[in-house]
Amino acid sequence: MGCDGGTIPRRDELVTVKKKPEKKDKDAEMEAKWKNCQLTQEKLRAPIVACELGRLYNKESVLELLLDRSKFECTPSFLHIKALKDIKVLNLTENKDYSRDKNGEIVGSYLDHAGAQYMCPVVGLEMSGRYKFCFLWGCCGCVVSQRAMKEVKSEVCHKCGKSYTKEDIVILNGDEDDNKVMEENMEARRARAKLEKKAKKAQKHKATIESKDGTTVTNSDIQLINGKTASADRGNGKQTNGIPTKKSRLVISDKPEQNPTVKIQDDPSRSKVYKSLFTTSKEAKNQTKGHWVTFNPQYFH
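### Considering the overall build of the chain
Stage number 1. Across its full length, the chain holds 7 helices and 14 strands.
Stage number 2. With 301 residues in all, the chain has 26% of them scored as buried.
Stage number 3. A separation of at least 24 residues holds for 39% of the contacts in the chain among residues at least 6 apart in sequence.
Stage number 4. Summed over its atoms, the accessible surface of the chain is roughly 22300 Å², and 52% of this surface lies on carbon and sulfur atoms.

This is the structure:
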């Protein structure tokens, strides 16, 4: 059988067995998510930021992404980050038992991958990936463990005391179900922000004033005279396809000071001395010398 020399083959050498899929190293996966930047895979360093999906980044890396996306190969995974408003600076709590030198090496102890540089300020759990952590998007960006949120139920932040809602809670490095919820909350949050922005613009452009009959009209229905609004009379104030049914009537004051069409020389309320200051006066037109400010070609020889 080809087994000369007394060799005894084993079963796995004669029978081809289907290879098992390689399993991920959970410790290495957790360390990559919780201790490295998701953009550059560099060690996390302050200031640390997070997006609305709960991923951790170095703020410097996010700034480079916004300036030039061609530098990063994984750009399609971060299309939801379009500006600095799409990230939040995290308010983290240092773990006093975790000590490293400037080079990132652990000082005075063995290499422990389960240790973490940050911890929960309420229950003291380390932010190493073994426990779920979350932060508040809408107010302060404080990071606490999910166990603390469940055990100490409150409507204010456990660290800084600012109020928040359930929609402001973003889970850091969540599973697939958590990611779906975070995406839905992100879309709803951004849609709400767009509506609020449109409402603010509409309020600026629709400043109202009261006319003489007590009805209110908008700036689009009245005319402006030298930057001042003239009162308008719109009757019932009904509109058809955005156009008022009755034309607004301008009320111009009879006083020459408020009527810009009256010339200074024809204004009876002005004195002769005041009128003589202008070049439109008779004395200025009939003078025999040039004007003291500019050359006046209207003087006579």
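### As for the environment of Gly138
Stage number 1. Along the chain, Gly138 turns up in the loop between β6 (133-136) and β7 (143-145).
Stage number 2. Taking C-alpha positions, Gly138 is 8.2 Å from Ile169, a pair spaced 31 residues apart along the chain.

### Description of the environment of Glu73
Stage number 1. Take Glu73: it is sitting in the loop between α3 (59-67) and β3 (87-89).
Stage number 2. Overall, Glu73 belongs to the exposed group, its relative accessible area being 82%.
Stage number 3. Remark: the alpha-carbon pair of Glu73 and Thr40, spanning 33 residues in sequence, is separated by 9.7 Å.

### Remarks on helix α5 (residues 176-205)
Stage number 1. Look at α5: 44 Å from first C-alpha to last across 30 residues, which is about the 44 Å you get at 1.5 Å a residue.
Stage number 2. When α5 is considered as a whole, its buried residues turn out to be Asp178, Met182, Met186 and Arg189.
Stage number 3. Those residues of α5 that are buried are in contact with β8 (169-172).

### Comments concerning the packing of aromatic side chains
Stage number 1. All chains considered together, the criterion is met by 4 aromatic pairs.
Stage number 2. An angle of 55° between the planes, with centres 6.3 Å apart, marks the rings of Phe135 and Trp137 as tilted.
Stage number 3. Look at Trp137 and you get buried, because its relative accessible area is 10%.

### A closer look at the nonpolar core
Stage number 1. One finds Tyr57 and Leu172 to be the most contacted residues of the largest nonpolar core, which totals 41 residues.
Stage number 2. Beyond its immediate stretch of four places on either side in the chain, Leu172 contacts Trp34, Ala50, Gly54, Leu56, Met127, Phe133, Cys134, Phe135 and Val143.

### Observations concerning the sheet that holds β7
Stage number 1. Spatial strand order, β7-β6-β8: 3 strands in an open sheet with antiparallel pairing. Looking at which strands have only one partner, the edges of the open sheet turn out to be β7 and β8. Taken pair by pair, the neighbouring strands of this sheet meet at an average axis angle of 35°, ignoring direction.
Stage number 2. With 4 bridges connecting them, β6 and β8 associate as antiparallel partners. Across the sheet, Cys134 pairs through a bridge with Ile171, a residue of β8.

### Some points on the state of the cysteines
Stage number 1. Applying the stated rule across the entire model yields 0 disulfides.
Stage number 2. The closest cysteine sulfur to the non-disulfide-bonded Cys140 is located on Cys142, 3.4 Å from its own sulfur.
Stage number 3. Cysteine Cys157 is unpaired, with the sulfur of Cys160 as its nearest cysteine sulfur at 3.6 Å.

### Considering the confidence of the model for the chain
Stage number 1. Taken as a whole, the chain shows an average pLDDT of 75; of its residues, 69% reach a score of 70 or greater.
Stage number 2. Overall, residues 216-244 carries pLDDT values under 50, and its contacts beyond four positions in sequence, including any with other chains, amount to 56 contacts.

### Observations concerning a nonpolar patch on the surface
Stage number 1. A surface patch of nonpolar side chains, amounting to about 350 Å² of accessible area, comprises Ile264, Tyr274, Leu277 and Phe278.
Stage number 2. Tracing the sequence through the fold places Ile264 in the loop between β14 (243-244) and α6 (272-275).

### What to know about the pattern of salt bridges
Between side chains of opposite charge, a pair can form as their charged atoms come close.
Stage number 1. Applying the stated rule across the entire model yields 11 salt bridges.
Stage number 2. Here Arg192 and Glu167 are joined by a salt bridge, their closest N and O atoms 2.8 Å apart. Here Glu167 lies in the loop between α4 (146-151) and β8 and Arg192 lies in helix α5, a separation of 25 residues in the sequence.
Stage number 3. Asp267 serves as the salt-bridge partner of Arg270, at 3.3 Å between the closest nitrogen and oxygen.
Stage number 4. Overall, the relative accessible area of 34% leaves Arg270 in the partly exposed class.
Stage number 5. Residue classification places Asp267 among the buried positions, given a relative accessible area of 5%.
Stage number 6. Linked through salt bridges whose partners overlap, the residues forming this network are Glu52, Asp86, Arg189 and Arg190.

About the cut-offs
Residues numbered from 1 in each chain as written. Predicted model: local features only at pLDDT ≥ 70, side-chain atom pairs only at ≥ 80, totals over all residues. Heavy atoms only, no water. Helix = DSSP H or I, 4+ residues; strand = E, 2+ residues; numbered from the N terminus. Buried < 20%, exposed > 50% of the residue type's maximum accessible area, 1.4 Å probe, protein only. Contact = heavy atoms within 4.5 Å. Areas by Shrake-Rupley, 256 points an atom, 1.4 Å probe, with all protein chains shown as cover. Expected span 1.5 Å × (residues − 1). Phe/Tyr/Trp six-rings, centres within 6.5 Å; stacked < 30°, edge-to-face > 60°. Core = buried A, V, L, I, M, F, W, Y, C linked by side-chain atoms within 4.5 Å. Pairing = 2+ DSSP bridges. Axes fitted to C-alpha atoms, helices over the stretch in contact; angles between N-to-C directions. Disulfide = S-S within 2.5 Å. pLDDT = per-residue confidence, 0-100. Patch = residues over 30% accessible without salt bridge, like charges linked within 9 Å, V, L, I, M, F, W, Y side chains within 5 Å. Salt bridge = Lys/Arg side-chain N within 4 Å of Asp/Glu carboxyl O.

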